[in-house]
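Structural overview for review
What follows is each chain in one-letter form.
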Amino acid sequence: MRSRAALPRFSFLFYLLFLPPVLSSSSARPQWTLQRVPVVLPQQTDARPAPHFLSPARLDVTSTCDPECHKKAPRPSYSDLRRLLAYETLHSDGRLTETAIGIYGYNPSSNTSPADSLGSSGQAERSHVRRKRQIFGHDGRFSIAGQNFLLQYPFSVAVKLSTGCSGTLVGDRHVLTAAHCVHDGKNYVKGAQRLRVGFLKPKQRDTQYSSFYLPSNFTNHVEGGPAPYAPPSNDKMKFQWIRAKRTHVPKGWIKGNANDIGMDYDYALLELKKPHKRRHMKLGVSPTAQRLPGRRVHFSGFDNDRPGQLVYRFCQAGEETPDLLYQHCDAQPGASGSGVYARMWNGRRRRWERKVIGVFSGHQWVERQGASQEFNVAVRITPLKYAQICYWIKGNFVDCREG
């Protein structure tokens, strides 16, 4: 039986997730800023040797380059960008192709954000030195259960990959995820050829109140009240799987696992063999952290320590570079590949709108002077990446000019 004490907490989280923030005036609304983006077009496609599919997928990433290193790195030239945004396509029959691209209408200043001007010190928060942990302090994750919420937008856009990662629906048959979920930087991982995407489906009629349960620290952060009710079982849900037809991976990732610049290109797009018939989330060019409502980002994924459950979390964004966003959202392996999104006002359509602004790459561990630094990293969707991913989805550049 559902505890009465849980109802106020349920109502608060529902308000937090689904209602617009209370603002003093319409001018104070955080708004999506539409901008003209460049055009990224395929030029030539060549066959490549068939992959080996030998290594298991790794659900974490490593790098020798920390935020300061990324900030000091020189910006790629036009020829560098053409090479980094070239891409491989893995087909379900095992064929592999490589496509060269052309970039048109590109303005170097339009591919960067005001975050670039923050400098190495910046106005953003500096990441803390932490030991190798994936939960920062109290566990602030919410396990979503029950079809009333699992099948409701925005939770319904989260999917599970057969390689163990998560993904986000961004088209009628397209899933955005992390590149390391299908490719280790050197070759495609086991299961990438027969990659499947899992959608949570109800096994039987569920009850209205089997909606979600809260982490033990929820009342500490919000109300200071009594402990939440006992978590309901999620055994009434199952996965329905759809095969991937094609997988696109940028060449910026395929040059060694998360090396100095590879981290910036840890994203991939899957094309399914048939439409999923669910609502998907739109892409958006990543704004600066300071422009996000409350500097807050959100994402949902299938963390390994909560099998069969969808886990939602939100937190404040910290440091940022032109291509990466750092934060300390609680997460476990399995959540990587989740779409990081924000909710802001669309002035043209006169409504609140969620857009995917990045891909959760995972936990980046950097050894510096004998100490371990840990960062949660999301790959930002820059104007060029938006143009590329949008073209993969739409198949034309006309519908991809405004991000």
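Predicted, not measured: the structure shown is a model, and the values here were computed from it.

**Things to note about the pattern of salt bridges**
In this structure the tally under the stated criterion is 15 salt bridges. Across the salt bridge formed by Asp-323 and Lys-385, the nearest N and O atoms sit 2.8 Å from each other. You can see Asp-323 sitting in the loop between strand E15 (310-320) and strand E16 (324-327) and its partner Lys-385 sitting in helix H6 (residues 383-394), a full 62 residues away along the chain. The pair Asp-323 / Lys-385 is uniform in exposure class, with both members buried. In this structure, the salt-bridge partner of Lys-355 is Glu-353, at a minimum N-O distance of 3.9 Å. You'll find Lys-355 and Glu-353 in the same group, each marked buried.

**Digging into the confidence of the model for the protein chain**
Across the protein chain, the average pLDDT comes to 78, with 71% of residues at or above 70. Low pLDDT, under 50, characterises residues 1-12; the predicted model gives this stretch 22 contacts beyond four residues in sequence or across chains. Overall, residues 206-235 carries pLDDT values under 50, and its contacts beyond four positions in sequence, including any with other chains, amount to 69 contacts.

**Focus: the layout of surface pockets**
Counted as a void, the largest pocket has a volume near 520 Å³. Lys-282, Arg-349, Tyr-386, Asp-399 and Glu-402 are the residues nearest the centre of the largest pocket, which is lined by 22 residues in total. Within the lining of the largest pocket, the residues separate by chemical class into 8 nonpolar, 4 polar and 10 charged.

**Observations concerning helix H3 (residues 78-85)**
Among the residues making up H3, those that are buried are Leu-81, Leu-84 and Leu-85. For H3, the angular spread of buried residues about the axis comes to 85 degrees, placing them on one side.

**As for the pairing of strand E4 (residues 96-104)**
It is a general feature of regular strands that their side chains alternate between the two faces of the sheet. Here strand E1 (residues 39-48) runs beside E4; their pairing, made up of 9 bridges, is antiparallel. The partner of Val-40 across the bridge, within E4, is Ile-103. Where strand E3 (residues 87-91) and E4 come together, 4 bridges link them in antiparallel fashion. Across the sheet, the residue bridging to Glu-88 is Glu-98, located in E4. The hairpin turn running from E3 into E4, its antiparallel successor, is 4 residues long, and Gly-94 in that turn takes a positive phi close to 95 degrees.

**Regarding the nonpolar core**
In summary, soluble globular proteins display a tendency toward joint burial of nonpolar side chains. If you look at the biggest cluster of nonpolar residues, it comprises 74 residues, and the most contacted ones within it are Leu-176 and Leu-283. Tallying contributions element by element places H6 first for this core, with 7 residues. Aside from chain neighbours lying at most four places away, what touches Leu-176 is Gly-167, Thr-168, Val-170, Ala-268, Leu-269, Leu-283, Gly-337, Val-356, Val-359, Ile-381 and Ile-389. One finds Phe-299, Ala-317, Val-340 and Phe-360 within the second-largest nonpolar core, a separate group that totals 17 residues.

**Concerning H6**
Working note: α-helix, 3.6 residues per turn, so residues spaced by three or four point in the same direction. The terminal C-alpha atoms of H6 lie 16 Å apart, and with 12 residues this matches the ideal 16 Å at 1.5 Å per residue to within 8%. Of all 12 residues that make up H6, 11 are buried, and the element is covered over most of its length. Regarding H6, the residues found buried are Pro-383, Leu-384, Lys-385, Tyr-386, Ala-387, Gln-388, Ile-389, Cys-390, Tyr-391, Trp-392 and Ile-393. Remark: Gly-395 follows H6 within two positions and exhibits a positive phi of approximately 80 degrees.

**Overview of the side chain of Gln-327**
Relative to the helices and strands, Gln-327 resides in strand E16. Separated by 2.8 Å, the side chain of Gln-327 and the backbone nitrogen of Cys-329 make a polar contact. Setting aside residues no more than four positions away along its own chain, Gln-327 makes contact with Val-297, Phe-299, Cys-315, Gln-316, Ala-317, Gly-318, Phe-360, Asn-376 and Val-377.

**A closer look at the environment of Tyr-87**
Tracing the backbone shows Tyr-87 in strand E3. Relative accessible area serves as the criterion here: at 8%, Tyr-87 is assigned to the buried category. Between the C-alpha atom of Tyr-87 and that of Thr-45, which follows or precedes it by 42 residues, the distance is 9.4 Å. In contact with Tyr-87, not counting residues within four places along its chain, are Pro-42, Thr-97, Glu-98, Thr-99, Ile-101, His-248, Val-249, Pro-250, Lys-251, Gln-388 and Trp-392.

**Some points on unusual backbone geometry**
The step from Tyr-153 to Pro-154 runs through a cis peptide bond, and the omega angle for that step is 10 degrees. Within the element layout of this structure, Pro-154 appears in the loop between helix H4 (147-150) and strand E6 (158-161). Despite not being glycine, Lys-277 has its phi angle at roughly 65 degrees, a positive value. Relative to the assigned elements, Lys-277 resides in the loop between strand E12 (268-272) and strand E13 (282-283).

About the cut-offs
Going along each chain's sequence as written, the residues are numbered from 1 onward. Selection of residues for local features in this predicted model requires a pLDDT of at least 70, selection of side-chain atom pairs for listing and counting requires 80 or more, and totals for whole chains, interfaces and linings are taken over all residues. No hydrogens and no water enter the side-chain calculation; it runs on all heavy atoms of the structure. Should a side-chain nitrogen of Lys or Arg be within 4 Å of a carboxyl oxygen of Asp or Glu, the pair is scored as a salt bridge. Strands are runs of DSSP state E lasting at least two residues, helices are runs of H or I lasting at least four, and both sets are numbered from the N terminus onward. Each residue's exposure class comes from its accessible area (1.4 Å probe, protein chains only) as a fraction of the maximum for that residue type: buried when under 20%, exposed when over 50%, partly exposed otherwise. As a per-residue measure, pLDDT reflects the predictor's confidence and takes values from 0 up to 100. Residue contacts follow a heavy-atom distance rule, with two residues in contact if any of their heavy atoms lie within 4.5 Å. In the cavity and pocket records, a cavity denotes points on a 1 Å grid over the protein atoms alone where a 1.4 Å probe fits but cannot get out, a pocket denotes an open set with protein on both sides within 12 Å along at least 5 of 7 lines, and lining residues are residues with an atom within 4 Å of a point. Grid points are joined across faces, edges and corners, and a volume is the space filled by probe spheres set on the points. Residue polarity follows a fixed list, in which Ala, Val, Leu, Ile, Met, Phe, Trp, Tyr, Cys and Pro are nonpolar, Asp, Glu, Lys and Arg are charged, and the others, Gly among them, are polar. Arc definition: directions from the helix axis to the C-beta atoms. Here a strand pair is declared whenever DSSP counts at least two bridges between the two strands. Among buried residues, the Ala, Val, Leu, Ile, Met, Phe, Trp, Tyr and Cys ones that are joined through side-chain atoms within 4.5 Å form a nonpolar core. To estimate the expected span of a helix, subtract one from its residue number and multiply by 1.5 Å. Throughout this description, a polar contact denotes any pair of N or O atoms lying within 3.5 Å of each other; where both atoms belong to protein, one of them has to be capable of donating a hydrogen while the other can accept it, and for residues adjacent in sequence the pair is counted only when both atoms sit in side chains.

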